[in-house]
Amino acid sequence: MNNELIRAAEEARKNAYAPYSKFPVGAAVLTSSGRIFTGCNIENASFGLTICAERVAIANAVASGEREITALAIVTNGAASPCGACLQVIQEFAGSKSPAIISASTDGSVIVRSLSDYMPFGFTDFKPDSDV
Ligand code: THU
């Protein structure tokens, strides 16, 4: 499954819009129902409006009715880690088991960690009281 997720992220990376950083990123999330959703980074001339690949993938999943992520893969030059903001967004849609975070490099190397490795004490204290 990790390989399938990495391949999906690689494919999404081809659509990255990164004319400013020249650092294309592809992401793919696996949801608890077994579906895969992808994203790429989307930059903006107003730099702060850039959206990371991970959050685009998660937004795609949530917009399709999915609420639980079991794994996320990102593909970059050099097997990058998700940024802190993305880790918090992954946390929002993590189930009871900490999702696997798979960082794959374009040279083929792969690092597998979990969300709790990155963020053992993430903010989870504010619980929604409905499914709206
Ligand atoms: N980027 C991501 O897409 N995901 C991350 O977790 C970190 C950074 C993007 C944002 C920007 O387009 C480029 O990588 C360089 O920071």
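Residues numbered from 1 in each chain as written. Predicted model: local features only at pLDDT ≥ 70, side-chain atom pairs only at ≥ 80, totals over all residues. Heavy atoms only, no water.

**Considerations on the sheet that holds strand β3 (residues 69-76)**
Stated precisely, the cut-off is as follows: Paired strands, as defined in this entry, are two strands with at least two bridges between them according to DSSP. Going along the chain from the N terminus, every DSSP run of H or I of four or more residues is numbered as a helix, and every run of E of two or more is numbered as a strand. Helix axes are fitted only over the stretch in contact, all axes being lines through C-alpha atoms; the angle between N-to-C directions runs from 0 to 180 degrees. In what follows, residue pairs with any heavy atoms lying within 4.5 Å of each other are defined as contacts.
Taken together, 5 strands build an open sheet; the order of strands is β2-β1-β3-β4-β5 and the sheet is mixed. For this open sheet the edge positions go to β2 (36-40) and β5 (110-114), each flanked by a neighbour on one side alone. Ignoring strand direction, the axes of neighbouring strands in this sheet form an average angle of 15°. By the bridge criterion, 5 bridges tie strand β1 (residues 26-31) to β2 in an arrangement that is antiparallel. Paired with Ala-28 across the bridge in β2 is Thr-38. On the sheet, helix α2 (residues 53-63) packs against β1, β2 and β3 and is oriented at approximately 140° with respect to β2.

**A closer look at the state of the cysteines**
The following threshold applies: Count a disulfide wherever a pair of cysteine sulfur atoms falls within 2.5 Å. Burial classes: relative accessible area under 20% of the type maximum marks a residue as buried, over 50% as exposed, and values in between as partly exposed (1.4 Å probe, protein chains only).
In total, this model carries 0 disulfides according to the counting rule given. Counting only cysteine sulfurs, Cys-52 is the nearest neighbor of Cys-40, a cysteine outside any disulfide, at a range of 11 Å. The thiol of Cys-86 is not disulfide-bonded; the next cysteine sulfur, from Cys-83, is found 3.8 Å away. By relative accessible area, Cys-86 is classed as buried at 0%.

**Considerations on the site of the ligand**
For clarity, the cut-off: We call a residue near a molecule or strand when any one of its heavy atoms sits within 4 Å of it. By the criterion applied in these results, polar contacts are pairs of N or O atoms within 3.5 Å in which, for protein atoms, one can donate a hydrogen and the other can accept it, and in which residues neighboring in sequence qualify only through two side-chain atoms. Each accessible area is a Shrake-Rupley estimate made with a 1.4 Å probe; only the visible protein chains count as cover when residues are assessed. Note on definitions: the grid is 1 Å and covers protein atoms alone; a cavity is a set of points where a 1.4 Å probe fits but cannot get out; a pocket is an open set with protein on both sides within 12 Å along at least five of seven lines; lining residues have an atom within 4 Å of a point. Any molecule with more than half of its atoms within 2 Å of a cavity's or pocket's grid points is counted as sitting in it. Residue type decides the class: Asp, Glu, Lys and Arg count as charged, Ala, Val, Leu, Ile, Met, Phe, Trp, Tyr, Cys and Pro as nonpolar, and the leftover types, Gly among them, as polar.
The environment of the ligand is made up of Ser-21, Phe-23, Val-25, Asn-41, Glu-43, Thr-50, Cys-52, Ala-53, Glu-54, Ser-81, Pro-82 and Cys-83. Cys-83 places a main-chain nitrogen or oxygen 2.9 Å from an oxygen atom of the ligand. Its free accessible area being 370 Å², the ligand has 77% of it covered by the protein chains. When atom positions are compared with the pocket grids, the ligand is found to occupy the second largest pocket. Residues that form the shell around the ligand fall into these classes: 6 nonpolar, 4 polar and 2 charged.

**Here's the deal with the pattern of salt bridges**
Our working definition: Basic side-chain nitrogens of Lys or Arg form a salt bridge, by our definition, when they fall within 4 Å of a carboxyl oxygen of Asp or Glu.
Counting across every chain of the model gives 2 salt bridges. A salt bridge links Glu-11 to Lys-14; the nearest nitrogen and oxygen atoms lie 3.0 Å apart. Overall, Glu-11 belongs to the partly exposed group, its relative accessible area being 47%. According to the relative accessible area criterion, Lys-14 is exposed, its value standing at 62%.

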